[in-house]
Amino acid sequence: MAAKVKWVTDIEKSVLLNNFEKRGWIQVTDSEDWNFYWMSIQTIRNVFSVDTGYRLSDDQMVNHFPNHYELTRKDLMIKNIKRYRKELEKESSPLAEKDENGKYIYLDFVPVTFMLPADYNLFVEEFRKSPSSTWIMKPCGKAQGKGIFLINKLSQIKKWSRDSRTSTFVAANSGKEAYVISLYIDNPLLIGGKKFDLRLYVLVTTYRPLKCYMYKLGFCRFCTVKYTPSTSELDNMFVHLTNVAIQKHGDDYNHVHGGKWTVSNLRLYLESTRGKEVTNLLFDQIHWIVVQSLKAVAIWAFPRPPLRFHFMINIHITYSPVMNNDKHCFECYGYDIIIDDKLKPWLIEVNASPSLTSSTANDRILKYNLINDTLNIVAPNGEIPDCRWNRSPPKEALGNYQVLYDEEQALSENADLRSRSGQALGSKSTRSSSVRPVPATWK
Amino acid sequence: MMEEGADLSVTIAQIVHRLKGAHLHSQLEKQARECLHRPEIKLESLKEDVRSFLKASGWERKLQNAVYRELHILPPPGHPAAPPEHTKEPLVYMRKAQASWEKRILKSLNSMCTELGVPLARKRPVSEQKELTNKWNEMGTDEPDLSKFRPVYAPKDFLEVLISLKNPNYDCREGLTANSHWGLIQISLNVRDIPQMREAYPELSLTCSQLGIDDHAHIPPDLFESEHIRIGKKVVSEQDSAAAQQYSRQGCPTGFRAQLWALILNATNEPEDIMHYEQLKAAVIHHDLLVDNLIYKDVKLTASNDDYYFVFEDFLYQVLLCFSRDTAVLEHFSYNSATPPKSYIQGKTGAEEFTVVYPPNGVIPFHGFSMYVSPLCFLYNEPSRLYSVFREMYVRYFFRLHSISSSPSGIVSLCLQFERLLQNHLPQLFYHLQAIGAQPLRIAFKWMVRAFSGYLSTDQLLLLWDRILGYDSLEIVAVLAAAVFTFRAENLMEVTSLASAEAVLADLSTLKVMPLLQVFLFA
């Protein structure tokens, strides 16, 4: 009889527990032998920290990549995307093409963002260019909308200026009190006069080759209060933030629908009011954004200094990919996207630990199915995981996931077609053979 | 369909009379005058040249659409000696039943009014007017105390009235015969059976392609979808109402359903329409009506709790509050069996010259009324356009779902048709259900009164409403109700109570309407 999978978790959520139980898996503690550990992000830090030297065996899988924060911490995500763009530019990749205003044509999908206090002066320069703009301050290390506020005057963020003597923050490197400040998207697409954002789930089973899957059942989160760009409402978080954790406490929060819409409703609405072509284009762009953001951390980076800088000793120049593609790992990210009134999607952030709390009955069903479909892919047939699995799930096993980008498959197709431009396999071709370019202009 | 001879000239005269003085008339005159400056207009052939110009510039098409619209609402020709009530409803017993139902509703409304000490209408103080103007786009955030208001009636109250309808000429005490009807409706009307539906709805047949079936993801678009879309684009560019209606029978592509429906209904968004809407909005700002509270309550109870429509809560207020004040709606009472309720200005009860129609549009909303508007919010995001389309849908179709009449699209006929279709198609199921006290109509009624809004998923509902517009009839609603029962027949045969039957049919959100209809009628 096949051995049963032994699982551990430090997240007590029914959608998880029910899924493990229905597979007949056995719950154990983390000090025992385990095969599958669904851990919180605090725990993953310990597992992979240099000090503990945890070694995972072939039959063990965890639900986070060791340095997922390269994508899921707001400041690091921005840093990596900016670096990725610069590298593409250096190589004269067509992806990095810019328009006459100097904006990236295909890679302009994050709002202008700066790190504070590190980039304070750069930010001030940008702020002065459009002094009537609004900016959103977000603490790097927090989630669920905590600590976020809007500003429209420099005086409101004085204490983050580098020279400020009243500043009480800790050094930027430790990341403790670091903030990012982004240009606030003040022209969001409104539906029924309400602002919303999109939450999409993306599963990554490997970064190199990149294999990612988009969950078809994403949802829109609506603000319960009417959107108004007026300055008097800047402090009213119910107007501006769509996090359910915040909306839940508003007066108008409804526990039947939870202020959520399915992505298919959004599609129907957009197709009906704007037309099918622009709607398809929008969704193509959303898929493109997700893939590019993953590529930004997946690819080989130019030399990076190791974390500790050794004076007077040879500086090891290592070609190191940003994301540690540990074979014991997979990850299900929660992507937050905002669509503006020109139907342009913007990447706001990526969550490593999307909430598994259910706010409505529909929600519970969705999250239960999300975990179920995820487990069906990463632990096929409910068997003991093998970290060397081929990561090529058959179509029937995908459930509500659809393949977003399968680099392995794309490469093999390229090789079959005998690529016209004679690109060599390797980092360069992985960039240019992206599956979802912006249509019509991609060569 | 045009009759010959005298009837035709009467019809033409009626339509000309209606269109004369309408905005379109003055626009045509203006166009004709202005085109005289054009080089191609020659004095010798003035008449023909002006006509050709109007044709080429699309104005003739607009006139055609307007005529087509008038034909839709034109009542069937009657005997010249017949009184106007006959146009509203030819059968006397139905008229009487409708009148007594209206009396009940009005009584209920008046007593609520007295009980709560709220006037039927009240002018708003200036400060309140200002506040409402500011809050116009977010009335949903208002939390008026609605606890004391109750809906004037709910569909099930109306059903009881329909069940008690009796034709004095028809003796139904004969006992069980081959023609006995097991259902709740006790009168006899001419409703179409399956063979007749097949003849009338050939575009739904198995051999005919359509949206909702042949646009499924697994089917290559070249087989039907692409061509259908191409034709649809042409119809829209030609701006032809009649063509749009015919086209809609096979379903409207999501990308231009909004334009097609507006075209079929000839619901324009000209400056005059926008102005009319603004006037209605001003009327809302100036006066508060008791029925406004009924509207608020209805929206809060229904649309605000709906997974699909909660987003549009504010649009619903903006449409329905204006709708209540639109006296243009009164026109439709000439062919509606209902009569607008009249009220008296305070202190002048009984004096004929002091009667006012209440509410101004003559329509008292009931529980679920806002669901007529909700699906349209997926198609139109400009309030005046949304309003225009909704109003036309109401005066062509929705009014029939809550008034007692003998019209084939009227709710009475739909109920009877539903029962007959189900009884003839699945007699065993029908018998079983009525034997356990779960008369099918008791469950299906609420679906039909709302034309399935709020019960089907929106994309499916829109496909259904495509066909209502395409065939200019609500019969398809009765057919779908029967098809749904048929689909769940196996489970229904197992139930032993009304409650469990309701449970089996509680969730229709996963149903695909076109396959259901197709199988029911043609398989």
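The model shown is predicted, which means the values in this text are computed figures rather than measured ones.

Trainee: Would you take a moment to explain the packing of helix H15 (residues 313–324) of chain B against helix H16 (residues 383–396) of chain B for this structure?
Mentor: Describing two packed helices takes the angle between their axes plus the distance from one axis to the other. Residues and elements named next belong to chain B. In the contact formed by H15 and H16, the axes pass within 10 Å of each other and the chain directions differ by 55 degrees. By the angle class used here, H15 and H16 are oblique. Considering the relative orientation of H15 and H16, their crossing is right-handed. Of H16, the residues touching H15 (which contributes Phe315, Gln318, Val319, Leu320, Cys322 and Phe323) are Pro383, Leu386, Tyr387, Phe390, Arg391 and Tyr394. For the contact of H15 with H16, the class distribution of residues is 10 nonpolar, one polar and one charged.

Trainee: Any chance you could explain unusual backbone geometry here in plain terms?
Mentor: Residues other than glycine predominantly adopt negative phi, and peptide bonds predominantly adopt the trans conformation. Across the junction of Leu116 of chain A and Pro117 of chain A, the peptide omega takes the value 5 degrees, indicating a cis bond. The step from Tyr358 of chain B to Pro359 of chain B runs through a cis peptide bond, and the omega angle for that step is -10 degrees. By the secondary structure assignment, Pro359 of chain B is in the loop between strand S4 (355–357) and H16.

Trainee: Hey, could you run me through the packing of helix H2 (residues 23–35) of chain B against helix H4 (residues 59–73) of chain B in this one?
Mentor: Residue and element names in this part refer to chain B. Contact geometry of H2 with H4 gives a least axis separation of 11 Å together with a crossing angle of 165 degrees. Here H2 lies roughly antiparallel to H4, going by the angle between them. Crossing of H2 over H4 shows left-handed handedness. For the pair H2 and H4, the contacting residues are Leu24, Gln27, Leu28 and Gln31 in the first and Trp59, Lys62, Leu63 and Ala66 in the second. Of the residues that constitute the contact of H2 with H4, the class distribution is five nonpolar, two polar and one charged.

Trainee: Looking at this structure, I do not really get the side chain of Arg467 of chain B. What am I missing?
Mentor: Residue and element names in this part refer to chain B. When you line up the elements, Arg467 lands in helix H20 (residues 458–471). Here Arg467 is buried and forms no salt bridge, its nearest opposite-charge partner Asp466 lying at an N-O distance of 4.2 Å. Within the local environment of Arg467, its side chain forms a polar contact with the backbone oxygen of Arg249, the two atoms lying 3.0 Å apart. Not counting the four nearest positions on each side in its chain, Arg467 is found in contact with Leu204, Gln210, Leu211, Ser248, Arg249, Gln250, Gly251, Asp472 and Met514.

Trainee: Honestly, the interface of chain B and chain A in this entry has me stumped. Any pointers?
Mentor: For interface size, the figure often reported is the accessible area lost on association. Each partner contributes to the interface: chain B provides 28 residues, whereas chain A provides 23 residues. Between chain B and chain A the total buried area reaches about 2,100 Å² when both faces are included, carbon and sulfur atoms providing 54% of it. It is Phe310, Val311 and Phe378 of chain B in chain B that bury the most area against chain A; as a group they hold 28% of the surface buried on that side. Where chain B meets chain A, there are two salt bridges. Note that Lys276 of chain A is salt-bridged to Glu225 of chain B, the shortest N-O span being 4.0 Å.

Trainee: Sorry if this is basic, but what is going on with the pattern of salt bridges here?
Mentor: Side chains bearing opposite charge may pair, as long as their charged atoms lie close to each other. Enumeration according to the criterion identifies 43 salt bridges over all chains in this entry. A salt bridge links Asp58 of chain A to Arg388 of chain A; its shortest N-O distance comes to 3.6 Å. On the criterion of sequence distance, the pair formed by Asp58 of chain A in the loop between helix H2 (41–48) and strand S4 (61–62) and Arg388 of chain A in the loop between helix H10 (361–378) and strand S16 (401–406) is long-range, its members being 330 residues apart. Three or more residues are tied together by salt bridges with common partners; here these are Arg18, Arg69, Glu70, Glu331, Glu392 and Arg396 of chain B.

Trainee: How do you make sense of the packing of aromatic side chains when you look at a structure like this?
Mentor: To describe a pair of aromatic rings, one takes the distance between the centres and the angle between the planes. Residue and element names in this part refer to chain A. Taken as a whole, this structure holds 53 aromatic pairs over all chains when the rule is applied. Ring plane angle 75 degrees and centroid distance 4.9 Å describe the contact between Phe65 and Tyr207, whose orientation is recorded as edge-to-face. Within this pair, whereas Phe65 is found in the loop between S4 and helix H3 (69–72), its partner Tyr207 is found in the loop between strand S10 (194–206) and strand S11 (211–215), the two being separated by 142 residues in sequence. Overall, Tyr207 belongs to the buried group, its relative accessible area being 0%. In this arrangement the basic side chain of Lys98 is found over the ring face of Tyr104, its NZ or CZ atom lying 4.9 Å from the centre. Over the ring of Phe283 we find Arg267, and its NZ or CZ is 4.3 Å from the ring centre.

Trainee: Please explain the domain arrangement of chain B as it appears in this structure.
Mentor: All names here are of chain B. Taken domain by domain, chain B comprises domain 1 (1–74) and domain 2 (92–162 + 268–393). Just the C-alpha atoms count here: the centres of domain 1 and domain 2 sit 35 Å apart. Contacts between the two partners involve five residues from domain 1 and, on the opposite side, five residues from domain 2. Interface area for domain 1 against domain 2, summed over the two sides, is near 470 Å², with a carbon-plus-sulfur share of 37%. Among the residues of domain 1 in contact with domain 2, His23, Arg69 and Ile73 are the three that bury the most area, contributing 71% of the side total.

Trainee: Would you mind going over H2 of chain B with me for this structure?
Mentor: Residue and element names in this part refer to chain B. The end-to-end C-alpha separation of H2 is 18 Å, in line with the 18 Å expected for 13 residues at 1.5 Å each. Taken together, the buried positions of H2 are occupied by Leu24, Gln27, Leu28, Gln31 and Cys35. Taken down its axis, H2 places every buried residue within 100 degrees of arc, on the same side.

Trainee: I'm lost on the sheet that holds strand S5 (residues 113–116) of chain A in this one. Help?
Mentor: Two pairing modes exist for strands in a sheet, parallel and antiparallel, and in both the strands are linked by backbone hydrogen bonds. All names here are of chain A. Within the open sheet, the four strands sit side by side as S5-S8-S6-S7. Their pairing is antiparallel. Each having just a single partner strand, S5 and strand S7 (149–151) make up the two edges of the open sheet. Averaged over all pairs of adjacent strands, the angle between strand axes in this sheet comes to 30 degrees, irrespective of strand direction. As paired elements, S5 and strand S8 (residues 179–183) share four bridges and run antiparallel to each other.

Trainee: Is there a simple way to think about the nonpolar core in this case?
Mentor: Counting 231 residues, the largest nonpolar core has Tyr207 and Leu294 of chain A together with Phe390 and Trp447 of chain B as its most contacted members. Of the residues forming this core, the biggest block, 11 residues, is contributed by helix H9 (residues 276–298) of chain A. Those residues in contact with Trp447 of chain B that lie beyond four places of it in its chain are Phe452, Tyr455, Ala481, Val484, Phe485, Leu505 and Leu508 of chain B. Formed by 29 residues, the second largest nonpolar core is a distinct cluster that contains Trp7, Leu370, Ile371 and Ile377 of chain A.

Trainee: Please clarify how the pairing of S10 of chain A should be interpreted in this entry.
Mentor: Note on strand geometry: in a regular strand, side chains alternate between the two faces of the sheet. Residue and element names in this part refer to chain A. Here S10 lies mainly inside the structure; 13 of its 13 residues are buried. Between strand S9 (residues 190–191) and S10, which pair antiparallel and follow one another directly, the connecting turn spans two residues, one of which, Gly192, has a positive phi of 60 degrees. Inspection of the sheet shows S10 paired to strand S12 (residues 219–222) by four bridges, in the antiparallel sense. When the sheet's bridge partners are listed, Phe196 is paired in S12 with Phe222. Relative to strand S14 (residues 331–339), S10 runs antiparallel, the two sharing seven bridges. Counted as the bridge partner of Leu198 is Ile337 from S14. In textbook terms, the turn of a hairpin is the stretch between consecutive antiparallel strands, and for S10 and S11 this stretch comprises four residues.

Conventions used here
- Residues numbered from 1 in each chain as written.
- Chains lettered and ligands numbered in written order.
- Predicted model: local features only at pLDDT ≥ 70, side-chain atom pairs only at ≥ 80, totals over all residues.
- Heavy atoms only, no water.
- Axes fitted to C-alpha atoms, helices over the stretch in contact; angles between N-to-C directions.
- Helix = DSSP H or I, 4+ residues; strand = E, 2+ residues; numbered from the N terminus.
- Parallel < 35°, antiparallel > 145°, perpendicular 65-115°, else oblique.
- Left-handed = near helix turned anticlockwise from the far one by under 90°.
- Contact = heavy atoms within 4.5 Å.
- Nonpolar A, V, L, I, M, F, W, Y, C, P; charged D, E, K, R; others polar.
- Buried < 20%, exposed > 50% of the residue type's maximum accessible area, 1.4 Å probe, protein only.
- Lys, Arg positive; Asp, Glu negative; His and termini not counted.
- Salt bridge = Lys/Arg side-chain N within 4 Å of Asp/Glu carboxyl O.
- Polar contact = N/O pair within 3.5 Å; in protein donor to acceptor, adjacent residues only side chain to side chain.
- Buried area = accessible area lost by both parts, 1.4 Å probe.
- Phe/Tyr/Trp six-rings, centres within 6.5 Å; stacked < 30°, edge-to-face > 60°.
- Lys NZ or Arg CZ within 6 Å of the ring centre and 35° of its normal.
- Domains from an automatic or database assignment.
- Expected span 1.5 Å × (residues − 1).
- Arc of directions from axis to C-beta.
- Pairing = 2+ DSSP bridges.
- Core = buried A, V, L, I, M, F, W, Y, C linked by side-chain atoms within 4.5 Å.

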